[in-house]
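Descriptive analysis of the structure
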Amino acid sequence: MKSKYLALLLLSSCLVLPASAQVAQSIDDNNPETAAAVSTQVDQPGANEAGSDMDALVQKVKIITRTKQVTELPENEPVALDLGLVDVPGVSKNLTEGVTANAYARFVSVDDMKIGQLVLSSVEKNSRVEALNSDNFVAQFDIDQPSLDPSLPISVEGNQAELKAALERLASLQEEEEKEEKEEEVADSGVGASSGSVGSNAGSNPDASGYSTPSALDVGKEPVISSNITTDGCKIRTDLDQLQAIQQTRVVTTTDGTPEYGECADGSERFKINQSYAVCPYDENTETMKATAQFMYYYTDGGGNRQEIGDCQPDAEKIYDIVEDRNACNVYLDYVNLQAVPQGKLVYTNHNGKVVPVADCAASIEVEPVKLVETTEGCDIRDDFLANKSYGRSKYIYTLEGQDWDTSCQDNDEEYPHSTIYKTANGDQVCEPIINRESGKVTLQSRVMINVNGFELYRTPCTPDTSAKDIQSTTAGCEDPSKWNHNISASQSIGQERFYYLLDGKQEPVTECQDNGVIYPHHQELTGWQPHDAQLFAYRLVTVYIEDVPTPTGRYNVLTSQVLPGDPQIPYSYVGVGPATNGETFYEGCTRFDKRDEVESYRRPDESLHKVIVGEAEPLNLGNKCTVNIVWDSESTSRWAFSKPSHVANILYSPPSTQRNWSYGGNGACGRTQVAFDYQYEGQGSEQHTKRDYGTITSADHCAFKSMVGTKTVIREDGEQIGSKATNTCTLTNRKASVYGALNPQIHKGSSSWLRGTAPLWADPYPAYPNFNQTHKDNCAGLWGWLS
C-alpha cells in the first residue's frame, strides 16, 4: 500500500526542468520497495504497444555518478548541478574522462520520508555540450538530509546506447578540433601546401561526403544480466533516536551467473525497538539508600528472534527508596551484654510492586538496643525434696517500642536448704496436732520450710509425723493422678497420701488426700510443632507425662500436645535463596518469559520447608516461541514476445533506393534492447538526405512467466501475530529464442534486411510455462530474508 501511494505521489509531482531538460519520473522500476518485492520485473505484452515499441529497444544500465561538491537540494523545485561519471557499464574510461554530466535534482516528502529525484540533461567536455533525452536518465533514492554528499555515489538508470553515442560525439568533436588545429598550423607554416587541386564531390554534396560506412554489427553472444535486491550480507542497523532497527539491503547484479554485490543501505523492513527490564538487575546503593531500575534495548527481527542492543542502563524515572523492614527479623537476645538488639532487613519496592531484599537481617539502624532486666516475677521456686533443697528461678524482660517481652524461667544461682518445722520462732505450733479422743493419742505434724531473703516460705502442707502413735499413712484412695498437684513450671508432680489409724481393723482417716512428698519428675514427649512462619520460628508441642503411677499403663499425661509456658522459640534454619516460577508468563515480542520470585527457603524443625518470597527474580527466558508461516497464493501466468515497430516496417518497404543500417545492443533476455538505425531516402530531384533514427524493440525472445505471491506472518505460540504481514512476488521465466544467432538478418528484400520476428511473417511457438517447486519458493523466501 505504501509503495502504491508513493508511486502516485511521485507521478503527480514530476520534475519541471528548463526546455533543454525534462524529467520523466521513474515510478515502480526505480522504487526500491517495489524492486525488493519481486524476483524478476517484466512488462506485459500488448500493453501500450504503440507508445512503448521504441522503448523496447533501450538497454537500461546503472550509471554510477558522484557530485563534485556538497549540494543542498530544494523541495519540489529542481536545481541544476554537475556530476562526475564514475562508471558507465559498457563504456570505456577514455570516453568518460574529463566529462561533466549536467543534471537537475530536488527532493519530495512522502509519509515523513525524503525522496531524492535526479535526471541527466546533457554531457559536457571542454565547453562542448551533447544533449540527452532526460526521460531516459532518472534516479530516485531515499535521503536522510536534503543534500548530496560527494563521498556517496548516485546510481542513475539510463539509456546506455544514447549516453555512449553522446560521449563518442564529444570525443569525435575533440579529435576533429585537434586535427583542424594541426592542419591550420601546417597551413600557416607552408608545409604540404599545393597549388593544384584534387577532384572531390565534397563541395556539391556535403552530406554525402560526411557519410561513412557503419561498423560491422557485433553478433557475439550477449551477456545475460539480472539484478535484484537482497538482505544477504547486510546487517540490521539500530537507530535508538527513532527506536527502530532497520534491515539493510543491497543490489546484486548477476552477469552470466556471476553475482556482483553493491553496498548495503537502509531497506524498507523495520523493527520496533523496545525496552526490557526483565534481564537487568537493579542498581542497589546502600550509601544513598536508593535502588534504580535498569533496562536494555531489544527488538524482534523478521524471524521472531530477540536481538538485544548494548548493556543494561539506569532508568532515571524509576528510582526507589531503600528502607528497613524490622518485621522480617527476630530480636537478638545478647545475654553477655544483657541487651535485646532489634534487627532489620534492608528492602525496597520495585517498579512491579514487589518487595526486594537488599541485605540480610542485621542490627537495626533505626532502633537502638534495649536492656534485658532480670526478674523472678512469674517464676516459681523449684523444689528437690530428695536433695532437701529448693532452687530460685528467674527470667528476663525488655520493653521494645511500647510492648513488653519476656523469656522463659530458668534456674538461677540461688539455693535454699529445706528445714522441717514443728514450731514457729515464737514457739507456736506450725500445724495443729491430730488428737484422737477415742484412742487418746496425739500425732504431731510438721512442714518443710525455706528462707528466701529473710522470708519464711513453706514448701509442704502439714504432714503428720509418722513416728506418732499408731498413725499410719497410705496412698489408697489417693492414686488418681488427675487430683495430684502438678507444677509445670518446676517440671514435677507430687504424689498424695492420707493418714489413718485402725479402729477395730478399719481405717479411720486422720486426713484427706494430701501431698506426700513423693516427686514424680515430668517427662516430655515431642508430638509436633506450632509454626510461626511470619517470625520464622516454631514452638514445640509436647505431651508432659509422669511414669510409675498407679494407672493401667503406669503413665499419666499431665498435658497433651501443648506449648509449655516459657518454652524457647526454635528458629527455622536458613537453607538458601533462589528463583522459583510462580505460574505467570509474559512475552516480549517472540520471546517467552516465565515470571519467577526470589524465594528464601527455611527448614522448619519438623523438616518441612517454608518459603518466603523476598523479591522478584529474573524471569526465565524460554527463547523464541514464534513460527514463521509462509502462504503462497495461486499461480498467475503471462507471455511476452518480439514485436517490431511499425515505422521500422515502413522503412523496410520503402523504395528500392532506400538504404538502412542497424546497430544493436542488449542482452536479449526479455528486457529492453536498444536498436539504432540510419537510412537514406531520395528527395526531389537529385538531392538525397541521410537520416539517423533511434528506436527500441523488445528482445528477440519469446518468454513465458509464472508468478506466485507469498505472504509471511510470524505467529507466537499463544496465537498472537507478531509484526505486520509481508507480501512479495516470486517470478520464474522460460524463454525461447526467436532469432537465429544474435541479430543476423534473416529476411532480405533487395538491399533491405530486418530481424526475424513474429507474425504475420511467421510465428514461433511460446515456450512452456515454468513450474514452481518448493526449492523455487524457498529461494525467493531466502532472498527476501524470510527464512532467517
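Below you will find a few notes about this structure. Owing to the predicted nature of the structure, the values given are computational and were not obtained by experimental measurement.

**Some details on the overall build of the protein chain**
When its secondary structure is counted, the protein chain shows 8 helices and 56 strands. Within the protein chain, the fraction of its 788 residues that count as buried is 38%. Contacts in the protein chain between residues at least 24 apart in sequence constitute 58% of all its contacts with a sequence separation of at least 6. Roughly 43500 Å² of accessible area belongs to the protein chain as shown, and the carbon and sulfur atoms make up 47% of that amount.

**Some thoughts on the sheet that holds strand 24 (residues 370–371)**
Spatially, 19-20-24 is the arrangement adopted by the 3 strands of the open sheet, whose pairing is antiparallel. Only two strands of the sheet have a single partner each, and these edge strands are strand 19 (332–334) and strand 24.

**Notes on the environment of P153**
Here P153 is to be found in the loop between strand 8 (147–148) and strand 9 (154–159). Given a relative accessible area of 40%, P153 falls into the partly exposed group. Sequence separation between P153 and V86 is 67 residues, and the spatial gap between their C-alpha atoms is 8.3 Å. With residues near it in sequence (within four places) discarded, P153 still touches I64, T65 and R66.

**Digging into the state of the cysteines**
Under the definition given, this model contains 8 disulfides. C234 shares a disulfide with C264; S-S distance 2.1 Å. Between C234 and C264, the S-S torsion sits near -85°, and that sign places the bridge as left-handed. Taken together, the residues span a long stretch of sequence, with C234 in the loop between strand 10 (225–230) and strand 11 (236–239) and C264 in the loop between strand 13 (258–261) and strand 14 (265–276) at a distance of 30 residues. Relative accessible area serves as the criterion here: at 12%, C234 is assigned to the buried category. Using a relative accessible area of 30% as the deciding quantity, one classes C264 as partly exposed.

**With respect to a negative patch on the surface**
Negative charge collects at one region of the surface, where E175, E176, E178, E180 and E181 lie side by side. Mapped onto the elements, E181 comes out in helix 5 (residues 160–189). You can call E181 partly exposed: its relative accessible area is 47%.

**With respect to the environment of T424**
Looking at the element boundaries, T424 is found in the loop between strand 30 (419–421) and strand 31 (434–436). Sequence spacing of T424 and E456 is 32 residues, and the spatial spacing of their C-alpha atoms is 10.0 Å. The residues touching T424, leaving out its near neighbours within four places in the chain, are V430 and Y458.

**Examining the packing of aromatic side chains**
With the rule as written, the count across this model stands at 12 aromatic pairs. Taking the centre distance of 5.1 Å and the plane angle of 35° together, the rings of Y282 and Y348 count as tilted. A residue pair is termed long-range when its members are at least 10 positions apart, and Y282 in the loop between strand 14 and strand 15 (283–285) and Y348 in strand 21 (residues 343–349) qualify at 66 residues. Here the aromatic residues Y277, F295 and Y297 are joined through ring pairs into a cluster of three or more.

**What about the pattern of salt bridges?**
For the coordinates displayed, the defined rule picks out 27 salt bridges. Note that E130 and R169 form a salt bridge whose closest N and O atoms lie 2.8 Å from each other. Linking E130 in strand 6 (residues 128–131) with R169 in helix 5, this pair joins segments that are 39 residues apart in sequence. With its nearest N and O atoms 3.4 Å apart, the salt bridge here joins K354 to D597. Within this pair, whereas K354 is found in the loop between strand 21 and strand 22 (355–357), its partner D597 is found in strand 46 (residues 591–603), the two being separated by 243 residues in sequence. What makes K354 partly exposed here is its relative accessible area of 29%. Judged by its relative accessible area of 8%, D597 falls in the buried class.

**Describing helix 8 (residues 774–783)**
For helix 8, the full list of buried residues reads K777, C780 and A781. Considered in projection along helix 8, the buried side chains sweep an arc of 100° and stay on one side of the axis. G785 sits one or two residues past helix 8 and shows a positive phi near 80°.

**So, the sheet that holds strand 45 (residues 573–588)**
Taking strand neighbours across the sheet as the criterion, the 3 strands line up as 45-46-47 in an open arrangement whose pairing is antiparallel. The sheet terminates laterally at strand 45 and strand 47 (609–624), the two strands that pair on one side only. Neighbour-to-neighbour, the strand axes of this sheet turn through a mean angle of 20°, independent of strand direction. Here 12 bridges tie strand 45 to strand 46, and the two strands are oriented antiparallel to one another. From the neighbouring strand, G578 faces strand 46, where its bridge partner is V599.

**Some words on a nonpolar patch on the surface**
Taken together, the side chains of Y422, I435, V442 and L444 present a nonpolar region at the surface, about 350 Å² in accessible area. Along the chain, V442 falls in strand 32 (residues 441–443).

The rules we used
Residues numbered from 1 in each chain as written. Predicted model: local features only at pLDDT ≥ 70, side-chain atom pairs only at ≥ 80, totals over all residues. Heavy atoms only, no water. Helix = DSSP H or I, 4+ residues; strand = E, 2+ residues; numbered from the N terminus. Buried < 20%, exposed > 50% of the residue type's maximum accessible area, 1.4 Å probe, protein only. Contact = heavy atoms within 4.5 Å. Areas by Shrake-Rupley, 256 points an atom, 1.4 Å probe, with all protein chains shown as cover. Pairing = 2+ DSSP bridges. Disulfide = S-S within 2.5 Å. Patch = residues over 30% accessible without salt bridge, like charges linked within 9 Å, V, L, I, M, F, W, Y side chains within 5 Å. Salt bridge = Lys/Arg side-chain N within 4 Å of Asp/Glu carboxyl O. Lys, Arg positive; Asp, Glu negative; His and termini not counted. Charge placed at Lys NZ, Arg CZ, Asp CG, Glu CD. Phe/Tyr/Trp six-rings, centres within 6.5 Å; stacked < 30°, edge-to-face > 60°. Arc of directions from axis to C-beta. Axes fitted to C-alpha atoms, helices over the stretch in contact; angles between N-to-C directions.

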